[in-house]
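# Examination of the molecular architecture
Chain residues, written in single-letter form:
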There are 4 protein chains.
Amino acid sequence: MSNFPGLEGRTFGVTPVETVRKLSGLEFLQGLIDGTLPVPPIGRAMGFLLKEVKPGYACFTCTPTFEHYNPIGSVHGGLAGTLLDSCMSCAVQTNLAAGQGYTTLEYRVHLVRGMTDKTGEVRAEGRVVHAGRRTSTAEGRIVDANGKLYAHGTTTCIVLDL
Amino acid sequence: MSNFPGLEGRTFGVTPVETVRKLSGLEFLQGLIDGTLPVPPIGRAMGFLLKEVKPGYACFTCTPTFEHYNPIGSVHGGLAGTLLDSCMSCAVQTNLAAGQGYTTLEYRVHLVRGMTDKTGEVRAEGRVVHAGRRTSTAEGRIVDANGKLYAHGTTTCIVLDL
Amino acid sequence: MSNFPGLEGRTFGVTPVETVRKLSGLEFLQGLIDGTLPVPPIGRAMGFLLKEVKPGYACFTCTPTFEHYNPIGSVHGGLAGTLLDSCMSCAVQTNLAAGQGYTTLEYRVHLVRGMTDKTGEVRAEGRVVHAGRRTSTAEGRIVDANGKLYAHGTTTCIVLDL
Amino acid sequence: MSNFPGLEGRTFGVTPVETVRKLSGLEFLQGLIDGTLPVPPIGRAMGFLLKEVKPGYACFTCTPTFEHYNPIGSVHGGLAGTLLDSCMSCAVQTNLAAGQGYTTLEYRVHLVRGMTDKTGEVRAEGRVVHAGRRTSTAEGRIVDANGKLYAHGTTTCIVLDL
């Protein structure tokens, strides 16, 4: 059970590496959206879902609630980091062939506007900037329904054979 | 109720700004440790607690579990970001006088080793690097019981009047 | 005298703060392009020039040469950082009114492809991402004549009264 | 000829890759200090020298001058980035065996205090934080003769076979 809206009726879990290995990055991520693969536990803990993928792009949605609050009454900066890490690394993953994996080496987060439980659903959109043979970079942005920017960032991932 | 170990019996919530305003950063953070102030909701969602503060330093603890997992079976990078953002910004907060607040402008996370549900309790330790009049920077590290490093990072915060 | 191409016949120096204070960010930067204000010494040391500004945007050009090389025979990563810091912070500056200044708090550089003395002229283009009252963020990219990407990054600046 | 103090009488150039390949990282860097290998051109352009290396550590020195100034009369942030990139990546290089090379994937720079031509000689000290098989991270600090901090940062490098 999740404390967060929008995750009702979903199955939570991880996907065995033998299954992951047979799928391209895009196939794997599409399975998470379609529900043929389980939503990861972190999605339940933090209340966010993968919504859309295409080559070089991934989008998650999340509705900030009181459950994301820091001690002083606004959304903790870790939510923005979690959403940006997710959308940026999955954008990188969309470019991977079956048998390839990746590891995120680092990500960074600019927090430009506070989120609250009044913000409504936000979209975290990741886009690949550089797709290299060994490493890739991506950028991400978190925006609300009106396109207002809350956070942005970049990441560096390394591509590996699974 | 929290799905995570170590948070049993704690009260969760946020502290009103009128209360925050009367306390120095160190007094406020010590209240979170002592339990005179409630544990923030994000601590329940992600399963981490403030354990120790002193001037220029803050330490959180967390035990990674299956609940933190990403789709491919290891701890999501958002946990490291959440813990580092917490310990680095609270380290900055230890230096603030009553009536002063802060906002985190940006943070960045190096993920150097994956965490799993076998890692055991980790410590996220933040230390102020530069304490300026208007802005402060801090660094943070996540280590396990043996001192093995899992992630590190830095942050930039701006200091404000509440 | 500069060791670098494209800077022939330019005057080098800094602009007194009393002059800077009377100009909007855009007027000041346009003066650097037009030559009514001197090219800064760093432009001579590293061989780069401001080429174009408009609200929220700044572009520098530079032709990498042997003079930029590191010990192992490719362009030092400090050139990309210098160009990105320049274009990103000047993009922020284009939004400032007369009497406002700024300080760069931090910048970061992704080096995605090595530059050499065969690369030819590159453009470092900065664009504002978030223009806030107290702080601004910007992103930048270094591309060659064919649009090939060499480096990218982001920055955080704080806005001040001069 | 260099416009900068402290580089008199040094030879400038790059080292052929066949020579680099035969040396450990520490041997190569010690050769740059001893003068058995040439100072790189970037050292002449920006006026800095490698001073000390030991396993996991590298230190450069530089005396900021008017030649490093930005348009508004203080040292350009690109100098801090160039020095930090140098000391952090060379710290990583100290751990490499003969036949191994590295590429800097990204670096970031916190500018916490402005440098001027009155600052005097600064030291840029890099230290390895994580030395992995495929990737390494390092941190760096720029301090003056009194230990006052001007800038700090971190980097991610990937280790390669030459």
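Residues numbered from 1 in each chain as written. Chains lettered and ligands numbered in written order. Predicted model: local features only at pLDDT ≥ 70, side-chain atom pairs only at ≥ 80, totals over all residues. Heavy atoms only, no water.

### Section: the interface of chain C and chain D
Heads up, the rule is: Note on definitions: a residue-residue contact is assigned when non-hydrogen atoms from the two residues lie within 4.5 Å. Throughout, the accessible surface (probe 1.4 Å) given up by two parts as they are put together, summed over both, is called the buried area. Each salt bridge in this description consists of a side-chain nitrogen of Lys or Arg and a carboxyl oxygen of Asp or Glu lying within 4 Å of one another. Polar contacts, as used here, are pairs of N or O atoms within 3.5 Å; protein pairs need one atom able to donate a hydrogen and one able to accept it. Residues neighboring in sequence count only if both atoms are side-chain atoms. Here a helix means four or more residues in a row that DSSP labels H or I, a strand means two or more in a row labelled E, and each is numbered from the N terminus. Polar here means any residue other than Ala, Val, Leu, Ile, Met, Phe, Trp, Tyr, Cys and Pro, which are nonpolar, and Asp, Glu, Lys and Arg, which are charged; Gly is therefore polar. Whether two strands pair depends on DSSP finding at least two bridges between them.
Taken together, the contacts link 36 residues of chain C with 36 residues of chain D. In total, about 3,100 Å² of surface goes out of reach between chain C and chain D, with carbon and sulfur atoms giving 60% of it. Glutamate 106 of chain D serves as the salt-bridge partner of arginine 108 of chain C, at 2.9 Å between the closest nitrogen and oxygen. At the boundary of chain C with chain D, the tally comes to 24 residue pairs in polar contact (both at pLDDT 80 or more). When residues of the side of chain C that touches chain D are traced back to their parent elements, those giving at least two are helix 2 (25–34), helix 3 (41–46), helix 4 (77–93) and strand 3 (100–111) of chain C. Among the elements that take part in the side of chain C that touches chain D, strand 3 of chain C stands out by supplying eight residues, more than any other. Here the residues of the side of chain C that touches chain D sort into 18 nonpolar, 13 polar and five charged. Pairing of strand 3 of chain C with strand 3 (residues 100–111) of chain D, which is carried by five bridges, proceeds in the antiparallel orientation.

### Structural notes on the relation of the copies chain A and chain C
Rules: Our superposition of the copies is a least-squares fit, built on the C-alpha atoms of residues whose pLDDT is at least 70 in both.
When chain A is fitted to chain C, the best match, at an RMSD of 0.0 Å, comes from turning it 180 degrees and sliding it 0.0 Å along the axis. Between the two chains, the operation in question is that of a two-fold axis. Residue threonine 154 of chain A of chain A places its C-alpha closer to the rotation axis than any other residue of that unit, at 4.1 Å. By residue overlap, the copies meet face to face through one surface: 100% of the interface positions of chain A are interface positions in chain C.

### So, the sheet that holds strand 6 (residues 149–161) of chain C
For clarity, the threshold we go by: Lines fitted to C-alpha atoms define the axes here, with helix axes fitted over just the stretch in contact, and angles between the N-to-C directions of these axes take values from 0 to 180 degrees.
Pairing is antiparallel in the open sheet, where twelve strands are placed in the order 1(C)-2(C)-4(C)-5(C)-6(C)-3(C)-3(D)-6(D)-5(D)-4(D)-2(D)-1(D). Where the open sheet ends on each side, the last strands, each with one partner, are strand 1 (48–54) of chain C together with strand 1 (48–54) of chain D. Ignoring which end each strand starts from, the neighbouring axes of this sheet average 20 degrees apart. In this fold helix 4 (residues 77–93) of chain D packs onto strand 3 of chain C together with strand 1, strand 2 (57–62), strand 3, strand 4 (122–131), strand 5 (135–144) and strand 6 (149–161) of chain D, with an angle of close to 140 degrees to the strand it touches most, strand 3 of chain D.

### Here we look at the sheet that holds strand 5 (residues 135–144) of chain B
Spatially, the twelve strands line up as an open sheet ordered 1(A)-2(A)-4(A)-5(A)-6(A)-3(A)-3(B)-6(B)-5(B)-4(B)-2(B)-1(B), and their pairing is antiparallel. Looking at which strands have only one partner, the edges of the open sheet turn out to be strand 1 (48–54) of chain A together with strand 1 (48–54) of chain B. Pairwise comparison of adjacent strand axes, ignoring direction, gives a mean angle of 20 degrees for this sheet. Of the strand pairs in this sheet, strand 3 (residues 100–111) of chain B and strand 6 (residues 149–161) of chain B are connected by eleven bridges, and their pairing is antiparallel.

### Description of the interface of chain A and chain C
Each side of the interface is counted separately: chain A has 15 residues, and chain C has 15 residues. Taken over both partners, the interface formed by chain A and chain C buries close to 1,300 Å², and the fraction arising from carbon and sulfur atoms is 51%. When the buried surface of chain A facing chain C is broken down by residue, Arg108, Val129 and His130 of chain A rank first, second and third, together holding 34% of it. If you look at where chain A meets chain C, you find four salt bridges. Its salt-bridge partner being arginine 141 of chain C, residue glutamate 139 of chain A comes within 3.3 Å of it at the nearest N-O pair. Here chain A is connected to chain C by 14 residue pairs in polar contact (both at pLDDT 80 or more). For the side of chain A that touches chain C, the element with the most residues is strand 6 (residues 149–161) of chain A, which contributes five residues.

### Overview of the confidence of the model for chain A
This is how the line gets drawn: Within a predicted model, pLDDT stands for the predictor's per-residue confidence, ranging from 0 to 100.
Model confidence for chain A is summarised by a mean pLDDT of 95, while 98% of its residues fall at 70 or above. For this predicted complex, the interface confidence score (ipTM) comes to 0.96, while the overall pTM stands at 0.96.

### Describing the packing of aromatic side chains
Selection rule: The rule is short: rings of Phe, Tyr and Trp, with Trp giving its six-membered ring, pair when the centres are within 6.5 Å, and they are stacked under 30 degrees, edge-to-face over 60, tilted in between. Working rule: Lys NZ or Arg CZ, within 6 Å of ring centre, within 35 degrees of ring normal, means a charge sits over the ring.
Tallying each qualifying case throughout the model produces eight aromatic pairs over all chains. Lying over the aromatic face of tyrosine 57 of chain B, lysine 54 of chain B brings its terminal NZ or CZ to 5.0 Å of the ring centre.

### A closer look at the relation of the copies chain C and chain D
Between chain C and chain D, the superposition needs a rotation of 180 degrees and an axial shift of 0.0 Å, giving an RMSD of 0.0 Å. Here 100% of the contact residues of chain C are again contact residues in chain D; the copies associate through an equivalent surface.

### Concerning helix 4 (residues 77–93) of chain A
Along an α-helix, a turn takes 3.6 residues, which lines up residues three or four apart on a common side. The test is simple: A helix is expected to span 1.5 Å for every residue after the first. Relative accessibility under 20% of the residue-type maximum defines a buried residue, over 50% an exposed one, and the middle range a partly exposed one, all with a 1.4 Å probe and only protein chains included.
Over its 17 residues, helix 4 of chain A runs 24 Å from end to end, which matches the ideal 24 Å to within 8%, given 1.5 Å per residue. Of all the 17 residues making up helix 4 of chain A, 17 are buried; the element is thus mostly covered by neighbouring parts of the structure.

### Considerations on the environment of cysteine 90 of chain A
All names here are of chain A. Within the element layout of this structure, cysteine 90 appears in helix 4. Relative accessible area serves as the criterion here: at 8%, cysteine 90 is assigned to the buried category. Those residues within four positions of cysteine 90 in sequence are excluded, and the remaining contacts are Leu29, Ala58, Phe60 and Tyr102.

### Topic: the pairing of strand 5 (residues 135–144) of chain A
Residues and elements named next belong to chain A. Burial runs high along strand 5: nine of the ten residues are buried. Examined bridge by bridge, strand 4 (residues 122–131) and strand 5 share nine bridges and lie antiparallel to one another. Residue pairing for strand 5: arginine 123 is matched across the bridge by valine 143. Between strand 4 and strand 5, which pair antiparallel and follow one another directly, the connecting turn spans three residues. By the bridge criterion, nine bridges tie strand 5 to strand 6 in an arrangement that is antiparallel.

### Observations concerning the pattern of salt bridges
Between side chains of opposite charge, a pair can form as their charged atoms come close. In total, this model carries 28 salt bridges over all chains according to the counting rule given. The partner of glutamate 67 of chain B in a salt bridge is arginine 44 of chain A, and the shortest N-O contact between them spans 3.3 Å. Placement of the pair is glutamate 67 of chain B in the loop between strand 2 (57–62) and helix 4 (77–93) and arginine 44 of chain A in helix 3 (residues 41–46), with the two residues belonging to separate chains. Here the two residues glutamate 67 of chain B and arginine 44 of chain A agree in accessibility, since each one is buried. Notably, a salt bridge pairs arginine 123 of chain B with glutamate 52 of chain B, separated by 3.9 Å at the nearest N-O pair. Placement of arginine 123 of chain B in strand 4 (residues 122–131) and of glutamate 52 of chain B in strand 1 is noted, with a sequence separation of 71 residues between them.

### Here we look at the side chain of histidine 110 of chain A
Mapped onto the elements of the fold, histidine 110 of chain A is located in strand 3 (residues 100–111). For histidine 110 of chain A, a relative accessible area of 0% translates into the label buried. Side-chain polar atoms of histidine 110 of chain A contact the side chain of threonine 154 of chain C, separated by 2.8 Å. Polar contacts involving the side chain of histidine 110 of chain A include one to the side chain of threonine 156 of chain C, which spans 3.2 Å. Histidine 110 of chain A has contacts with Tyr150, Ala151 and His152 of chain A, Leu105 and Glu106 of chain B together with Glu106, Thr137, Thr154, Thr155 and Thr156 of chain C, leaving out every residue within four places of it along the chain.

### Side note on the pairing of strand 1 of chain D
Of the pairings in the sheet, the one linking strand 1 of chain D to strand 2 of chain D comprises six bridges and is antiparallel in character. Along strand 2 of chain D, the bridge assignment pairs valine 53 of chain D with alanine 58 of chain D.

### As for the state of the cysteines
Our working definition: Pairs of cysteine sulfur atoms within 2.5 Å are what we label disulfides.
Throughout the structure, instances matching the rule amount to zero disulfides over all chains. For cysteine 62 of chain A, which is in no disulfide, the shortest distance to another cysteine sulfur is to cysteine 59 of chain A and amounts to 11 Å. With relative accessibility at 3%, the residue cysteine 62 of chain A sits in the buried group. The closest cysteine sulfur to the non-disulfide-bonded cysteine 59 of chain C is located on cysteine 87 of chain C, 7.7 Å from its own sulfur.

### Considering the environment of arginine 134 of chain A
Residue and element names in this part refer to chain A. By the secondary structure assignment, arginine 134 is in the loop between strand 4 and strand 5. With a relative accessible area of 39%, arginine 134 lands in the partly exposed category. Separated by 23 residues in the primary sequence, arginine 134 and cysteine 157 place their C-alpha atoms 8.7 Å from one another.

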